[in-house]
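Fold and contact review
Listed below, chain by chain, are the residues.
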Amino acid sequence: MSDHVDRYVAIKRTLGYSFVDQAYALSRFAEFSKEDEFLSASRAIAWAAKASSSQRSAECFRVIRNFAIALHAEDDRHEIPPRDVFGKAKRLRPPPHILAAEDIERLMRAALRLPPTASLTPYTYYYLLGLLAATGLRVSEVIALVRADLGQDGLVIRQTKFHKSRLVPIASTTQAALAAYLKLRGRIGGPDPHVFVLSNGKPPDPATVTRTFVKLARLCGLRSASGRGPRLHDLRHSFAVRSLEQCGNDRNAVDRHMLALSIYLGHACLSDTYWYLEATPVITRQIAHVAEALSARSRS
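The sections below set out a description of the structure shown in this document. (Residues numbered from 1 in each chain as written. Predicted model: local features only at pLDDT ≥ 70, side-chain atom pairs only at ≥ 80, totals over all residues. Heavy atoms only, no water.)

1. Side note on the overall build of the protein
Selection rule: Secondary structure follows DSSP: runs of H or I at least 4 residues long count as helices, runs of E at least 2 residues long count as strands, and numbering of each begins at the N terminus. Between buried and exposed lies partly exposed: a residue is buried under 20% and exposed over 50% of the maximum accessible area for its type, with that area taken using a 1.4 Å probe on protein chains only. Pairs of residues are marked as contacts when any of their non-hydrogen atoms sit within 4.5 Å. Values of accessible area rely on a 1.4 Å probe in the Shrake-Rupley scheme; residue burial ignores everything except the protein chains shown.
Across its full length, the protein holds 13 helices and 3 strands. Residues classed as buried in the protein amount to 41% of the 300 residues present. Summarising the internal contacts of the protein: among those between residues at least 6 apart in sequence, 57% fall at separations of at least 24. Accessible surface computed for the protein: about 16,800 Å², of which carbon and sulfur atoms make up 54%.

What follows is the structure in structure tokens.
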């Protein structure tokens with residue numbers, strides 16, 4: 001089964017899909033059904049049922065069913081599970097957890113205690129988390145950075161989620177922090193062209209960074225044992241919300257800043273950026289006041 005998964009993932013990525021979360025789910029399914037020569041509907045349902053919630057079961061099942069359709073097209077001995085066994089998977093965007101500057105500092109300091117001791121890995125996570133917090137970049141974008149992408153004008157983010165490239169300006173303090181990391185990395189990081197590498201000389205993958213962030217958040221008391229608390233992507237959310245809050249009570253400034261923020265974050269649609277208004281208490285109150293005023297005016 002793992003050979004089928006590897007081939008399917010390779011095809012998807014050749015077509016331009018990042019396919020990170022799906023590949024991870026498929027690899028887990030391959031391990032679950034490693035003795036099977038052909039995909040069976042009952043095995044797919046049994047595996048998806050092991051997920052932590054009904055919503056997650058539906059999402060995992062959707063990934064496996066699409067995989068099954070592709071395999072069945074090649075060999076009809078692979079079964080296609082019936083549609084919507086776990087209901088329709090609606091990907092609800094979880095509410096963001098906005099991290100305070102003090103929380104981010106605690107996470108970064110905790111990263112310096114990661115193993116292996118006296119290796120590059122703790123410093124890599126320290127500066128990687130710092131860059132994510134300072135720029136709001138996606139973790140995949142930061143991991144993909146190579147040294148040629150760092151320039152005086154900022155960071156060149158190439159062929160990202162929506163197959164677009166963009167220039168991301170960064171503050172002088174961020175430039176200085178990257179320079180300090182690169183100086184250390186130049187001594188003990190090896191020849192790999194990527195900016196961020198671990199003690200093995202290779203860049204981390206997004207899943208590894210995510211798991212490490214969860215570990216650090218628990219060590220800092222920011223995340224409960226049950227799993228509730230900030231996620232890695234909340235560094236991006238926090239950056240966006242804090243930048244909007246700097247506009248204060250100036251609604252025109254918010255409008256101007258929204259367009260710039262959308263381009264900076266690499267959003268495909270401006271509506272994706274407007275979602276952050278829901279997580280910005282200062283601006284949410286402004287919206288509520290305007291809505292109340294309009295309502296009162298319509299009643300008069």
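Still to come is the rest of the account.
2. Quick word on the environment of G201
For G201, the location among the structural elements is in the loop between α8 (172-188) and α9 (206-219). Separated by 10 residues in sequence, G201 and P191 place their C-alpha atoms 7.6 Å apart. Setting aside anything within four residues of it in sequence, one finds G201 in contact with G189 and D192.

3. Here we look at a nonpolar patch on the surface
As a reminder, the rule being used: Patch construction takes residues with relative accessible area above 30% that form no salt bridge. Like charges are linked within 9 Å, and nonpolar side chains (Val, Leu, Ile, Met, Phe, Trp, Tyr) are linked within 5 Å. Salt bridge, as used here: a side-chain nitrogen of Lys or Arg that lies within 4 Å of a carboxyl oxygen of Asp or Glu.
Together, I11, L15 and Y17 line one region of the surface with nonpolar side chains, adding up to about 330 Å² of accessible area. Tracing the backbone through its elements, the reader meets I11 in helix α1 (residues 2-14). Its relative accessible area of 43% is what places I11 among the partly exposed residues.

4. Brief notes about unusual backbone geometry
Omega for the peptide link from P115 to P116 comes to -5 degrees, which places this bond in the cis form. With respect to the helices and strands, the residue P116 is situated in the loop between α5 (101-111) and α6 (120-135). The residue D84 is not glycine, and still its phi comes out positive at about 55 degrees. Here D84 is to be found in the loop between α4 (54-74) and α5. Owing to a relative accessible area of 36%, D84 belongs among the partly exposed residues under this scheme. Within the chain, A118 stands out as a residue other than glycine whose phi angle is a positive 60 degrees. Structurally, A118 is set in the loop between α5 and α6.

5. Some remarks on the pattern of salt bridges
One pass over the full model with this rule turns up 11 salt bridges. Among the salt bridges present, the one from E141 reaches R138, with a minimum N-O distance of 2.5 Å. Residue E141 is classed as buried on the basis of its relative accessible area, which comes to 4%. Two residues, R166 and E141, come together in a salt bridge whose shortest N-O distance is 3.0 Å. Of this pair, R166 sits in strand β3 (residues 166-168) while E141 is found in helix α7 (residues 139-144), placing the two residues 25 residues apart along the sequence. Comparing R166 with E141 shows no difference in burial state: the two are buried.

6. Concerning the packing of α6 against α9
How two helices sit against one another is set out by the angle between their axes and by the gap between those axes. As a reminder, the rule being used: Here an axis means a line fitted to C-alpha atoms, over the contact stretch when the element is a helix, while the angle between two N-to-C directions is reported on a 0 to 180 degree scale. Should an angle fall under 35 degrees it is taken as roughly parallel, and over 145 as roughly antiparallel, whereas 65 to 115 is taken as roughly perpendicular and any remaining angle as oblique.
At a minimum axis separation of 12 Å, α6 and α9 run at an interaxial angle of 90 degrees. By the angle between their axes, α6 is roughly perpendicular relative to α9. Here α6 contributes Y125, L128 and L129 to the contact with α9, which in turn contributes T208, V209, T212, F213 and L216.

7. Some words on the pairing of strand β2 (residues 154-157)
Note the cut-off: Two strands are said to pair when DSSP picks up at least two bridges between them.
Two strands pair when backbone bridges link them, and strand β1 (residues 150-151) and β2 are joined in this way by 2 bridges, in the antiparallel orientation. Paired with L150 across the bridge in β2 is L155. Connecting β1 to the next strand, β2, in antiparallel fashion are 2 residues. In terms of strand pairing, β2 meets β3 through 3 bridges, oriented antiparallel. Paired with V156 across the two strands is L167, which belongs to β3.

8. Description of α5
Every α-helix carries 3.6 residues per turn, so stepping three or four residues along brings you back to the same face. Counted only if it meets this: Each direction from the helix axis to a C-beta atom contributes to the arc, which is the arc of those directions.
Listed as buried for α5 are D103, I104, L107, M108, A110 and A111. In a view along the axis of α5, the buried residues occupy a sector of 160 degrees, so they form one face of it.

9. Considerations on the side chain of R185
Within the secondary structure, R185 sits in helix α8. Setting aside anything within four residues of it in sequence, one finds R185 in contact with L120, R147, G190, D192, H194, V195 and V197.

10. Points about the packing of aromatic side chains
The condition that has to hold: What counts as a ring pair is set by centres within 6.5 Å for rings of Phe, Tyr and Trp (its six-membered ring), and what kind of pair is set by the plane angle: stacked under 30 degrees, edge-to-face over 60, tilted for all other angles. Two limits define a charge over a ring: the Lys NZ or Arg CZ must be within 6 Å of the ring centre, and within 35 degrees of the ring normal.
Under the counting rule described, the total for this entry stands at 7 aromatic pairs. Their ring planes at 55 degrees and their centres at 5.1 Å tell us that Y8 and F67 sit as a pair that is tilted. Remark: F67 occurs in helix α4 and Y8 occurs in helix α1; sequence separation between them is 59 residues. For the pair Y8 and F67, a shared accessibility class is recorded, and that class is buried. Relative to Y127, the ring of Y126 has its centre 5.0 Å away and its plane inclined at 85 degrees; by these criteria the two rings are edge-to-face. Through successive ring pairs, a cluster of aromatic residues spans Y126, Y127, Y181 and F196. Here R43 stacks its cationic end above the ring of F32, 5.5 Å away from the centre of that ring.

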